[in-house]
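What follows is the residue order along each chain.
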Amino acid sequence: MSTPARRRLMRDFKRLQEDPPTGVSGAPSENNIMLWNRLFHTADCLLFILILTLHFLAGTFKLVIEFSEEYPNKPPTVRFISKMFHPNVYADGSICLDILQNRWSPTYDVSSILTSIQSLLDEPNPNSPANSQAAQLYQENKREYEKRVSAIVEQSWVDS
């Protein structure tokens, strides 16, 4: 069945194939255009590396994007399924990002969602924390923060 949401997701997927954001790969699941599995390869996210640490160079972090039939009028649900230690990622992997909540617009597509997530990873917002411990370490003890991030990156090698 072709619905407006499914047609829009097919257009988004085509655009994403033609011009993918740097450092991201993946696609809709094989049997369900409404469920997308994405990978962030941080080796390609140069700003992310410069801001957070070189320990992210070899990290690969997976996330799931679930769309409803109300897309693009309502944002998808996005969550990391890889373990993350980041000021703006909750323990369950969901992301504290304005465009996925109160600043959503139907003009956003899958590529803009992924680009926004990359920007958030690049520039954490410790003033609006989803993980208060990560936010506090990010602001007060970068060395310990980087140590925790390094452990998560190493775990991503095992999990990917």
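For the structure, check the block above.
This report concerns the structure included in the present document. Keep in mind that what you see is a predicted model, and the values were worked out from it rather than measured. (Residues numbered from 1 in each chain as written. Predicted model: local features only at pLDDT ≥ 70, side-chain atom pairs only at ≥ 80, totals over all residues. Heavy atoms only, no water.)

## Concerning the nonpolar core
A general tendency of soluble globular proteins is for nonpolar side chains to be buried together.
At step 1: Formed by 36 residues in total, the largest nonpolar core has its most connected members in Leu 9, Trp 36, Phe 67, Val 78, Phe 80, Val 110 and Ile 117.
At step 2: Broken down by secondary-structure element, the contributors of at least two residues to this core are α1 (4-18), β2 (32-41), β3 (60-66), β4 (77-80), α3 (110-122), α4 (132-140) and α5 (142-159).
At step 3: It is α3 that provides the largest number of residues to this core, a total of 6 residues.
At step 4: Once residues within four sequence positions are removed from consideration, Phe 67 is found in contact with Leu 9, Met 34, Trp 36, Pro 76 and Val 110. (Core = buried A, V, L, I, M, F, W, Y, C linked by side-chain atoms within 4.5 Å. Buried < 20%, exposed > 50% of the residue type's maximum accessible area, 1.4 Å probe, protein only. Helix = DSSP H or I, 4+ residues; strand = E, 2+ residues; numbered from the N terminus. Contact = heavy atoms within 4.5 Å.)

## Looking at the pairing of β4
At step 1: Of the two faces of β4, the one holding Val 78 and Phe 80 is buried and the one holding Thr 77 and Arg 79 is not buried anywhere.
At step 2: The pairing of β3 with β4 spans 4 bridges and is classified as antiparallel. Looking across to β4, one finds that Ile 65 is bridged to Val 78. (Pairing = 2+ DSSP bridges.)

## Observations concerning unusual backbone geometry
At step 1: Cis geometry is found at the peptide bond from Tyr 71 to Pro 72, where omega equals 10 degrees.
At step 2: Looking at the secondary structure, you find Pro 72 in the loop between β3 and β4.

## Focus: the packing of α1 against α3
At step 1: Where α1 meets α3, the closest approach of the two axes is 8 Å, and the angle between their N-to-C directions is 60 degrees. The angle between α1 and α3 places the two elements in the oblique class. Counted together, Leu 9, Asp 12 and Leu 16 of α1 and Val 110, Ser 111 and Leu 114 of α3 form the full contact between these two elements.
At step 2: Residue classes in the contact of α1 with α3 are distributed as 4 nonpolar, 1 polar and 1 charged. (Axes fitted to C-alpha atoms, helices over the stretch in contact; angles between N-to-C directions. Parallel < 35°, antiparallel > 145°, perpendicular 65-115°, else oblique. Nonpolar A, V, L, I, M, F, W, Y, C, P; charged D, E, K, R; others polar.)

## So, the pattern of salt bridges
Once the charged atoms of two side chains with opposite charge are near each other, the side chains can pair.
At step 1: Enumeration according to the criterion identifies 5 salt bridges in this entry.
At step 2: Close ionic contact of Arg 8 with Asp 12 constitutes a salt bridge, the shortest N to O distance being 3.0 Å. Here Arg 8 and its partner Asp 12 are both found in helix α1, 4 residues apart, which amounts to about one turn of the helix.
At step 3: With relative accessibility at 10%, the residue Arg 8 sits in the buried group.
At step 4: What makes Asp 12 buried here is its relative accessible area of 2%. (Salt bridge = Lys/Arg side-chain N within 4 Å of Asp/Glu carboxyl O.)

## Regarding the environment of Asn 88
At step 1: Inspection of the secondary structure assignment puts Asn 88 in the loop between β4 and α3.
At step 2: On the accessibility criterion, Asn 88 (1% relative accessible area) is buried.
At step 3: Once the C-alpha coordinates of Asn 88 and Pro 126 are considered, the two residues, 38 residues apart in sequence, prove to be 7.2 Å apart.
At step 4: Apart from residues no more than four positions distant in its own chain, Asn 88 is found in contact with Ser 94, Ile 95, Cys 96, Leu 120, Pro 124, Asn 125, Ser 128, Pro 129 and Ala 130.
At step 5: Within polar-contact distance, the side chain of Asn 88 engages the backbone oxygen of Ser 128 at 3.1 Å. (Polar contact = N/O pair within 3.5 Å; in protein donor to acceptor, adjacent residues only side chain to side chain.)

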